[in-house]
Amino acid sequence: MAGSRTHEFHAVAFVESLPLREVAAEIAGEVRPAATGGRPLYDLRRALGEGEAFYFSFGAVVFRDVATPEREAEVARLRLKRHLQIAANESVRVRVLPEATLGVADGYLTVDTLTPGRCLIIALTIAQSAAVEYYERIVDEMFGKTAEWVDGLEKRGTVKMSVRPLHRFIGHALATRSEVITVLHLLDKPDETWDDPSMAAIYDDLRDEFDLGDRHDALEHKLKNVQESLELILDVARDRRLFLLEASVVALIMLEIVLSLVRAH
């Protein structure tokens, strides 16, 4: 179509967070300070090749119109310096069509114009989607392990005598839950969308395209179920240990009585 152009945004999410001060010191990037009363829309941005790259502290980098060799080279550079593990990839194509209505259709986000602010919103949303994909996997894994403990409780009516593995798992689960909740908070709707209806529309359309709302709610629901299950298992473990302690005390009292009777005779 006359006047139309297509842009590609590609996100790479890492297992680890990005130390942006280090990254900023290595590149000629623009660091945006936090807005008063809210967090910044993005953390670090710079030109790269024919396009640009956006870096996010929760462990994601997004490339706009960056050729594959340059994109792979930048990811390799980040990984080599910090031993980062790639967790997920996500991409979206944006079609700029003058006088078009904002919306997502046929795998494209269509906009009438692509401003720097809109680029930021798109980059942030796709970075969120890639990050959520990784956290979905680790929460599913934690959810599955919790289900194994609950299944054992259902079959035996109690937990194993040794609670050390349970304590280790609870510690790991709590640390994971804390990390996921922290990252989910970072993925809240940016303040800038409240001031610009067009940015808000783009953000909402992309969130719907990636099902970010439902995925966010599903993660919180699973985390809540894990917490409730662990509380139940821990209560059962405590009750069993208390019962064994009380039984030991009773046994010692009975032994003392028996010994007293033996000595009396």
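Each remark here, short or long, concerns the structure printed above.
Procedures and definitions
Residues numbered from 1 in each chain as written. Predicted model: local features only at pLDDT ≥ 70, side-chain atom pairs only at ≥ 80, totals over all residues. Heavy atoms only, no water. Helix = DSSP H or I, 4+ residues; strand = E, 2+ residues; numbered from the N terminus. Salt bridge = Lys/Arg side-chain N within 4 Å of Asp/Glu carboxyl O. Buried < 20%, exposed > 50% of the residue type's maximum accessible area, 1.4 Å probe, protein only. Core = buried A, V, L, I, M, F, W, Y, C linked by side-chain atoms within 4.5 Å. Patch = residues over 30% accessible without salt bridge, like charges linked within 9 Å, V, L, I, M, F, W, Y side chains within 5 Å. Areas by Shrake-Rupley, 256 points an atom, 1.4 Å probe, with all protein chains shown as cover. Pairing = 2+ DSSP bridges. Contact = heavy atoms within 4.5 Å. Polar contact = N/O pair within 3.5 Å; in protein donor to acceptor, adjacent residues only side chain to side chain.

Turning our eyes to something else, we now look at the environment of Val15. Here Val15 is to be found in the loop between strand 1 (5–14) and helix 1 (20–26). A C-alpha to C-alpha distance of 7.4 Å links Val15 and Tyr134, two positions 119 residues apart in sequence.

Moving on: the pattern of salt bridges. What the rule picks out here adds up to nine salt bridges. Two residues, Arg82 and Glu22, come together in a salt bridge whose shortest N-O distance is 3.5 Å. With Arg82 in helix 2 (residues 68–82) and Glu22 in helix 1, this residue pair connects regions lying 60 residues apart in the sequence. By relative accessible area, which is 44% here, Glu22 ends up partly exposed. Among the ionic pairs, Arg77 bridges to Glu26, the shortest N-O distance being 2.6 Å. Placement of the pair is Arg77 in helix 2 and Glu26 in helix 1, with a sequence separation of 51 residues. Residue Arg77 is classed as partly exposed on the basis of its relative accessible area of 22%. Sharing partners across several salt bridges, the network here consists of Glu22, Glu26, Arg46, Glu74, Arg77 and Arg82.

On to the nonpolar core. Of all hydrophobic cores here, the largest spans 42 residues; its most connected members are Phe9, Phe56, Val62, Leu114 and Ile122. Counting only elements with at least two residues in this core, the list comes to strand 1, strand 4 (51–56), strand 5 (60–64), strand 6 (86–96), strand 8 (108–111), helix 3 (116–156), helix 6 (197–209) and helix 7 (212–264). If you tally residues by element for this core, the top one is helix 3, at 16 residues.

Here the focus is a nonpolar patch on the surface. Where nonpolar side chains cluster on the molecular surface, the patch consists of Ile253, Met254, Ile257 and Leu261 and spans about 380 Å² of accessible area. Along the chain, Leu261 turns up in helix 7.

Before going further, it helps to spend a moment on the pairing of strand 1. Looking along a regular strand, one sees the side chains alternate between the two faces of the sheet. Most of strand 1 is tucked away, with seven of its ten residues classed as buried. Pairing analysis gives ten bridges linking strand 1 to strand 6, with the strands arranged antiparallel. Paired with Ala11 across the two strands is Glu90, which belongs to strand 6.

What follows is about the environment of Glu16. Considering the arrangement of structural elements, one finds Glu16 in the loop between strand 1 and helix 1. For Glu16, a relative accessible area of 25% translates into the label partly exposed. Separated by 67 residues in sequence, Glu16 and His83 have C-alpha atoms that sit 9.0 Å apart. Excluding its chain neighbours within four sequence positions, the residues that come into contact with Glu16 are Gly59, His83, Leu84 and Gln85. Here the side chain of Glu16 touches Gln85 through a polar contact of 3.0 Å, landing on its backbone nitrogen.

Turning next to the side chain of Arg82. In this structure Arg82 comes out as buried when scored by relative accessible area, which is 13%. Among the polar contacts made by the side chain of Arg82, one reaches the side chain of Glu22 at a distance of 3.5 Å. Those residues within four positions of Arg82 in sequence are excluded, and the remaining contacts are Pro19, Glu22, Val23 and Glu26.

Summarising burial for strand 5: five of the five residues are buried, a large majority. The side-chain alternation of strand 5 yields two buried faces, one formed by Ala60, Val62 and Arg64 and the other by Val61 and Phe63. As paired strands, strand 1 and strand 5 are joined by five bridges and run antiparallel to one another. Looking at strand 5, one finds that Val12 is bridged to Val61. Both strand 4 and strand 5 contribute to a ladder of five bridges, which runs antiparallel. Among the inter-strand pairings, Phe54 is bridged to a residue of strand 5, identified as Val62. If you look at the hairpin formed by strand 4 and strand 5, you'll find three residues sitting between the two strands, and Gly59 has a positive phi there, around 100°.

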